[in-house]
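Structural description and commentary
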Amino acid sequence: MLLSVVLAVLGFTGGVYCAVISSLGLIGGPLCDTGDGEYLYPFRNDTLEDNYLFNQTMWSICKEPENIVLWNTILFSILLAIGVIEAILCFIQLISGLTSFICGSCMRKRK
């Protein structure tokens, strides 16, 4: 039972890490060529009001690779959702494992 708790903590940590990194990937935007042959992050310093995620007309800034903004948005959104789901499920497993570990040892003492 204790191994289950340790593995749930490890899974929860991985899920939170995945969610944080994918959120930063969404916020920073993709690395792309803006037309001058130099690859940079054109959306990195945007404020929340004029963020590229809420304004699809800004997506045309990136010329190469083709559809990189769409690819970046879909990929990191999926990773964010998977990380959040993983963290929630591992947290539930952690609570369940701790409850079983604590209450299971109490039940054995009563018998």
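The chain has the name Transmembrane 4 L6 family member 1 in an unreviewed UniProt entry, where Phalacrocorax carbo is given as its organism. The heading Sequence similarities (unreviewed entry) in the UniProt record of the chain holds the text "Belongs to the L6 tetraspanin family."

Tracing the chain through its elements places proline 42 in the loop between strand 2 (39–40) and helix 2 (68–110). For proline 42 and glutamate 86, which are 44 residues apart along the polypeptide, the C-alpha to C-alpha distance reads 31 Å. What proline 42 contacts, discounting residues up to four positions off in sequence, is Pro30, Cys32, Thr34, Ile61 and Cys62.

Our focus in this paragraph is the state of the cysteines. One pass over the structure, following the stated rule, counts one disulfide. What pairs with cysteine 32 in a disulfide is cysteine 62, and their sulfur atoms sit 1.9 Å apart. Across the S-S bond linking cysteine 32 and cysteine 62, the dihedral sits near -55°, which makes this disulfide left-handed. With a gap of 30 residues between them, cysteine 32 in strand 1 (residues 32–33) and cysteine 62 in the loop between strand 2 and helix 2 connect regions that are remote in the sequence. For the pair formed by cysteine 32 and cysteine 62, the shared burial category is buried.

Let us look at a nonpolar patch on the surface. A contiguous nonpolar surface patch, about 820 Å² in accessible area, is contributed by Phe12, Val16, Tyr17, Val20, Ile21, Leu24, Ile27, Phe91 and Ile95. For the nonpolar patch, the secondary structure elements donating two or more residues are helix 1 (2–28) and helix 2. Top element by residues in the nonpolar patch is helix 1. It accounts for seven residues. Residue position: tyrosine 17 is located in helix 1. A relative accessible area of 58% means that tyrosine 17 is categorised as exposed.

Before going further, it helps to examine unusual backbone geometry. Here the residue pair glutamate 64 and proline 65 is connected by a cis peptide bond, since its omega of -20° sits within 30 degrees of zero. For proline 65, the location among the structural elements is in the loop between strand 2 and helix 2. For asparagine 67, which is not a glycine, the phi torsion comes out positive at approximately 60°. By relative accessible area, asparagine 67 is classed as exposed at 53%.

Here we take up helix 1. If you check helix 1, its first and last C-alpha atoms are 39 Å apart, about what 27 residues at 1.5 Å a residue would give, namely 39 Å. By the burial criterion, the buried members of helix 1 are Val5, Ala8, Gly11, Gly15, Ala19, Ser22, Gly25, Leu26 and Gly28. At the C-terminal side of helix 1, glycine 29 shows a positive phi close to 85°.

What counts, and where the lines are drawn
- Residues numbered from 1 in each chain as written.
- Predicted model: local features only at pLDDT ≥ 70, side-chain atom pairs only at ≥ 80, totals over all residues.
- Heavy atoms only, no water.
- UniProt positions renumbered as here; feature names shortened; annotations may be inferred.
- Helix = DSSP H or I, 4+ residues; strand = E, 2+ residues; numbered from the N terminus.
- Contact = heavy atoms within 4.5 Å.
- Disulfide = S-S within 2.5 Å.
- Buried < 20%, exposed > 50% of the residue type's maximum accessible area, 1.4 Å probe, protein only.
- Patch = residues over 30% accessible without salt bridge, like charges linked within 9 Å, V, L, I, M, F, W, Y side chains within 5 Å.
- Areas by Shrake-Rupley, 256 points an atom, 1.4 Å probe, with all protein chains shown as cover.
- Salt bridge = Lys/Arg side-chain N within 4 Å of Asp/Glu carboxyl O.
- Expected span 1.5 Å × (residues − 1).

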